[in-house]
Amino acid sequence: MDLPPDTVLVFDRDEDLSVFESFTHATNHLEAIDVSEGEYPAAYSPDGRLLELTAPDGWKGPVVVARTDRADLAALEQRVARYWQRHQRGQVPRDPLQTARFLIDRDNQPRNGRPARLARLLRRNQP
């Protein structure tokens, strides 16, 4: 299955990785205070294009994700490799595309009980 066109891979200071299916999902999840304080040193599209995270209105405002003209697939691959070493020990490392798909699929797995129903309702109401 292909990734959505606006998939966003965001690395935090601890080299943990969050993957969002769209710019909208990323801006709804990320907090402006964290962006303005540099909690996320790197954001990419799956093809290695650098994305810019900003909080133009400060810590209380929205987060903005923007495309840049720069790409660095090698840096993305290195960060993904470090992510697997630090946060997915015992798993077979995957490339950036496979990693993004793995994390999206994992986050969309149904959960038992009330959280599963809530997750389904929230997904249904998202753009």
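Residues numbered from 1 in each chain as written. Predicted model: local features only at pLDDT ≥ 70, side-chain atom pairs only at ≥ 80, totals over all residues. Heavy atoms only, no water.

**Student:** Provide a residue-level description of helix 4 (residues 96-107), including the pertinent values.
**Tutor:** Compared with an ideal rise of 1.5 Å per residue, which puts 12 residues at 16 Å, helix 4 spans 16 Å between its outermost C-alpha atoms and is within 8% of the ideal. Regarding helix 4, the residues found buried are Pro96, Thr99, Ala100, Arg101, Phe102, Leu103 and Ile104. For helix 4, the N-terminal cap is Asp95; the gap from its side-chain oxygen to the backbone nitrogen of Leu97 is 3.0 Å. (Helix = DSSP H or I, 4+ residues; strand = E, 2+ residues; numbered from the N terminus. Expected span 1.5 Å × (residues − 1). Buried < 20%, exposed > 50% of the residue type's maximum accessible area, 1.4 Å probe, protein only. Polar contact = N/O pair within 3.5 Å; in protein donor to acceptor, adjacent residues only side chain to side chain.)

**Student:** Any details on the packing of aromatic side chains? Residues and values, ideally.
**Tutor:** Evaluation of the coordinates by the stated rule reveals 3 aromatic pairs. For the pair Phe11 and Tyr44, a centre-to-centre distance of 6.1 Å together with 85° between the ring planes defines the contact as edge-to-face. Taken together, the positions of Phe11 in strand 1 (residues 8-11) and Tyr44 in strand 3 (residues 42-44) put the pair 33 residues apart, joining distant regions of the chain. Given the relative accessible area of 0%, Phe11 is considered buried. Between Trp84 and Phe102, the aromatic rings sit 5.4 Å apart at their centres with planes inclined by 45°, giving tilted as the arrangement. Here the residue Trp84 occupies a position in helix 3 (residues 73-87), and Phe102 occupies one in helix 4, the gap between them amounting to 18 residues. With respect to burial, Trp84 and Phe102 carry one shared label: buried. Of the aromatic side chains, those joined through ring pairs into one cluster are Tyr83, Trp84 and Phe102. In this structure, Arg79 is placed above the aromatic ring of Phe11, and the distance from its NZ or CZ to the ring centre is 5.8 Å. (Phe/Tyr/Trp six-rings, centres within 6.5 Å; stacked < 30°, edge-to-face > 60°. Lys NZ or Arg CZ within 6 Å of the ring centre and 35° of its normal.)

**Student:** Any chance you could break down unusual backbone geometry for me, citing the residues and the numbers?
**Tutor:** Within the chain, Glu15 stands out as a residue other than glycine whose phi angle is a positive 65°. Relative to the elements of secondary structure, Glu15 occurs in the loop between strand 1 and strand 2 (17-20).

**Student:** Provide a residue-level description of the environment of Arg13, including the pertinent values.
**Tutor:** Inspection of the secondary structure puts Arg13 in the loop between strand 1 and strand 2. For Arg13, a relative accessible area of 48% gives the class partly exposed. If we skip the residues at most four places from it in the chain, Arg13 touches Glu37, Gly38, Glu39 and Pro41. (Contact = heavy atoms within 4.5 Å.)

**Student:** Report on the environment of Pro62, specifying residues and quantitative values.
**Tutor:** Its place among the elements puts Pro62 in the loop between strand 4 (49-54) and strand 5 (64-71). Here Pro62 falls in the partly exposed class, since its relative accessible area comes to 45%. Separated by 32 residues in the primary sequence, Pro62 and Leu30 place their C-alpha atoms 8.9 Å from one another.

**Student:** So what about the nonpolar core? Which residues, and what values?
**Tutor:** It is characteristic of soluble globular proteins that their nonpolar side chains tend to be buried jointly. Grouped together as the largest cluster of nonpolar side chains are 17 residues, with contacts concentrated most on Phe11, Leu17, Val19 and Tyr44. Contributions of two or more residues to this core are made by strand 1, strand 2, strand 3, helix 3 and helix 4. Looking at which element gives the most residues to this core, the answer is helix 3, with 5 residues. Residue contacts for Phe11: discarding those within four places in its chain leaves Asp16, Leu17, Glu39, Tyr40, Pro41, Ala42, Tyr44, Leu76, Arg79, Val80 and Tyr83. Of all hydrophobic cores here, the second largest spans 14 residues; its members include Phe20, Ala43, Leu53 and Val63. (Core = buried A, V, L, I, M, F, W, Y, C linked by side-chain atoms within 4.5 Å.)

**Student:** Let's hear about the side chain of Thr68: which residues, and what values?
**Tutor:** Summarising the element assignment, Thr68 is placed in strand 5. Separated by 3.2 Å, the side chain of Thr68 and the backbone nitrogen of Arg70 make a polar contact. Once you skip the residues sitting within four places of it in the chain, Thr68 turns out to touch Arg49, Leu50, Leu51 and Glu52.

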